[in-house]
Amino acid sequence: MPANRDIPLVSRDPLGGAYVRLTFRHPEVAREARAGQFVMIKAGTSAEPPLRRPFSILSVDPAAQTFSLFLKAVGPGSRALFEMAPGEIAQCLGPLGRPFAAPASGREALLVAGGYGIAPFRIFSEELVRQGARAHIFYGGRTGADLPMRDAFADLGVPVTLTTDDGSVGTAGRVTVAVEAYARTLGGRATLYACGPDAMLHAVAGLADALELTAQLSLDPWMGCGVGTCLGCVVSIQKAEEARPKNRCACTEGPVFDATEIVWKGEGSSVARRRNVEVRQ
Ligand SMILES: Cc1cc2nc3c(=O)[nH]c(=O)nc-3n(C[C@H](O)[C@H](O)[C@H](O)COP(=O)(O)OP(=O)(O)OC[C@H]3O[C@@H](n4cnc5c(N)ncnc54)[C@H](O)[C@@H]3O)c2cc1C
Ligand code: FES
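Keep in mind the model is a prediction, meaning the values are calculated, not measured.

Definitions and cut-offs
- Residue numbers run consecutively from 1 along every chain, following the written order of its sequence.
- The order in which chains are written sets their letters, starting at A; the order in which ligands are written sets their numbers, starting at 1.
- Residue-level local features of this predicted model are given only where pLDDT is at least 70; pairs of side-chain atoms are given and counted only at 80 or more, and the full residue set underlies all totals for whole chains, interfaces and linings.
- Each residue receives a C-beta atom placed from its backbone. It is near a molecule or strand if this atom lies within 6 Å of it.
- For helices the rule is a DSSP run of H or I covering at least 4 residues; for strands it is a run of E covering at least 2, with both sets numbered from the N terminus onward.
- Residues are grouped as follows: nonpolar covers Ala, Val, Leu, Ile, Met, Phe, Trp, Tyr, Cys and Pro; charged covers Asp, Glu, Lys and Arg; every other residue, Gly included, is treated as polar.
- For the purposes of this description, domain bounds are those given by an automatic or database domain assignment.
- Whether two residues are in contact is decided by their C-beta atoms, placed from the backbone, lying within 7 Å.
- By definition here, a helix of n residues has an expected span of 1.5 Å times n minus one.
- Exposure criterion: with C-beta atoms placed from backbone coordinates, a residue whose C-beta has 20 or more other C-beta atoms within 10 Å is buried, one with 12 or fewer is exposed, and one in between is partly exposed.
- Every axis in this analysis is a line fitted to C-alpha atoms, fitted for helices over the stretch in contact. Angles between the N-to-C directions lie between 0 and 180 degrees.
- Orientation is classified from the angle alone, with under 35 degrees giving roughly parallel, over 145 giving roughly antiparallel, 65 to 115 giving roughly perpendicular, and any other angle giving oblique.
- Each crossing gets its handedness from the near helix: less than a right angle anticlockwise from the far helix is left-handed, clockwise is right-handed.
- Strand pairing is assigned whenever DSSP detects at least two bridges linking the two strands.
- By the criterion used throughout, a crossover qualifies as right-handed when its path from the first strand across the helix to the second strand runs clockwise, the strands pointing away from the viewer.
- A set of buried residues drawn from Ala, Val, Leu, Ile, Met, Phe, Trp, Tyr and Cys, joined through C-beta atoms within 7 Å, is what defines a nonpolar core.

1. Concerning the site of ligand 1
- Taken together, the neighbourhood of ligand 1 is formed by 22 residues, with Arg53, Gly75, Gly77, Ser78 and Ala119 sitting nearest.
- Those elements that place two or more of their residues in the shell around ligand 1 are strand 4 (53-56), strand 6 (66-72) and helix 2 (76-82).
- Residue classes in the shell around ligand 1 are distributed as 14 nonpolar, 4 polar and 4 charged.
- Each of domain 1 (3-96) and domain 3 (220-281) accounts for three or more of the residues forming the shell around ligand 1.

2. Some remarks on the domain arrangement of the chain
- Domain assignment breaks the chain into domain 1 (3-96), domain 2 (100-218) and domain 3 (220-281).
- Between the C-alpha centres of domain 1 and domain 3 there is a distance of 28 Å.
- Facing 8 residues of domain 1, the contacting portion of domain 3 comprises 6 residues.
- Mapped by element, the contributors of at least two residues to the side of domain 1 that touches domain 3 are strand 3 (38-43) and strand 7 (89-96).
- For the side of domain 1 that touches domain 3, the class distribution of residues is 6 nonpolar, 1 polar and 1 charged.

3. Here's the deal with helix 3 (residues 120-131)
- Under the 1.5 Å per step criterion, the end-to-end length of helix 3 is 17 Å for 12 residues, consistent within 8% with the ideal 16 Å.
- Pro120, Phe121, Arg122, Ile123, Phe124, Ser125 and Leu128 are the residues of helix 3 that are buried.
- Immediately downstream of helix 3, the backbone of Gly132 shows phi near 75 degrees, a positive value.

4. A few points about the environment of Ala178
- With respect to the helices and strands, Ala178 occurs in helix 4 (residues 175-185).
- Residue Ala178 is classed as buried on the basis of its 20 C-beta neighbours within 10 Å.
- With 38 residues separating them along the chain, Ala178 and Gly140 place their C-alpha atoms 9.6 Å apart.
- In this structure, Ala178 is in contact with Phe138, Thr161, Thr163 and Thr171, ignoring residues within four places of it in sequence.

5. Quick notes on the environment of Asn247
- If you trace the backbone, Asn247 turns up in strand 15 (residues 246-249).
- For Asn247, a count of 11 C-beta atoms within 10 Å gives the class exposed.
- Along the primary structure Asn247 and Ile237 are separated by 10 residues, whereas in three dimensions their C-alpha atoms are 6.3 Å apart.

6. Points about the packing of helix 4 against helix 5 (residues 198-211)
- Interhelical geometry of helix 4 versus helix 5 gives an angle of 20 degrees and a closest axis separation of 10 Å. When the axes of helix 4 and helix 5 are compared, the pair comes out roughly parallel. Viewed along their axes, helix 4 and helix 5 form a crossing whose handedness is right-handed. Between helix 4, through Val175, Thr176, Val179, Glu180 and Ala183, and helix 5, the contact on the second element is made entirely by Met200, Ala203, Val204, Leu207 and Leu211.
- Broken down by class, the residue content of the contact of helix 4 with helix 5 amounts to 8 nonpolar, 1 polar and 1 charged.

7. Regarding the pairing of strand 13 (residues 214-218)
- Among the 5 residues that make up strand 13, 4 are buried, leaving the element largely enclosed by the rest of the structure.
- Relative to strand 13, strand 12 (residues 190-195) is paired through 5 bridges, and the arrangement is parallel. Residue pairing in the sheet places Cys195 in a bridge with Ser218 of strand 13.
- Running through helix 5, the crossover from strand 12 to the neighbouring parallel element strand 13 is right-handed.
- Sheet analysis places strand 13 next to strand 16 (residues 256-258), joined by 3 bridges and oriented antiparallel. By the bridge assignment, Leu217 is partnered in strand 16 with Phe257.

8. Side note on the nonpolar core
- Core analysis: the largest hydrophobic core is formed by 80 residues, its most contacted members being Leu111, Val112 and Val204.
- Among the elements that line this core, the one with the most residues is helix 5, at 7 residues.
- Not counting residues up to four positions away in its chain, the partners in contact with Val204 are Val112, Thr176, Leu192, Ala194, Ala215, Leu217 and Ala259.

9. Thoughts on the sheet that holds strand 5 (residues 59-61)
- Within the open sheet, the 7 strands sit side by side as 4-3-7-1-2-6-5. Their pairing is antiparallel. Of all strands in the sheet, those with a lone pairing partner are strand 4 and strand 5, marking the two edges. Strand-to-strand twist in this sheet, taken as the mean axis angle between neighbours without regard to direction, amounts to 35 degrees.
- Note: strand 3 against strand 7, 5 bridges, orientation antiparallel. Residue pairing for strand 7: Lys42 is matched across the bridge by Gln91.

What follows is the structure, encoded as structure tokens:
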């Protein structure tokens, strides 16, 4: 059950530039959070800024009753969190949303991250390692400075393939190119998981369709409340049996969705629906 609390910042680890790892004490999030879930959080207890912002849960420590976020400061809400000092209070509701589901037995989990989309994959990697599942992380950014979490998986033994648009770190080019090359070596024994910018998510969905792989995508719409009341986060989803797409709240029915059920901008239907119609014709 999500719990709403005023919570202290326990520690702050700057990761260079606009990036920081923040650790808060919140017993319920620490105990119950699953990979892919998020919190709605804002710095301080005043009315400014008025709305909380969504952030993925990076990791949890149930014994210490803490959880961590990986945050990029981009605007007022994230900057206020970025500037918090240990001991200061944030308002936080969580854990929220639908988590990632584990891959089917015998399939390797390919975790595809763009920028701050790496955040849910630390806790997910821990879950996969505990379950004995194979995992491989593909982590892309514009430059090396956008990959501050690149060493954060070494202790788990999960391999990380890095890509940058400018070639400053890892392989030059799009992260999805590296994923495709690797996925092809697995002959269909893979499940894709992705979190990052829309264009990357769309490319991962296309790759999953082409290689006939299952993909779970964490969508990144604007969110005002996190609990299904403001309707700020609606995304167009169409299950195979539905004649028309439906607007669904990413905060309560997502943020993780099956790639085949997402209706992308400019497309009138989902892959799941198109496949269903083809089978019946
Ligand atoms: C489920 C979910 C999980 C998230 N997890 C993380 C995380 O782990 N780490 C992290 O750093 N960020 C994460 N984000 C994004 C984060 O919520 C936004 O960066 C934040 O809300 C921006 O608020 P702001 O007040 O700082 O900036 P705003 O003034 O609201 O926005 C500043 C700029 O960022 C853009 N922006 C705002 N929200 C988003 C968004 N959701 N996606 C893309 N661009 C956006 C705006 O268009 C604007 O250009 C997540 C978003 C969602 C929906
Ligand atoms: S964020 Fe308000 S309904 Fe989803």
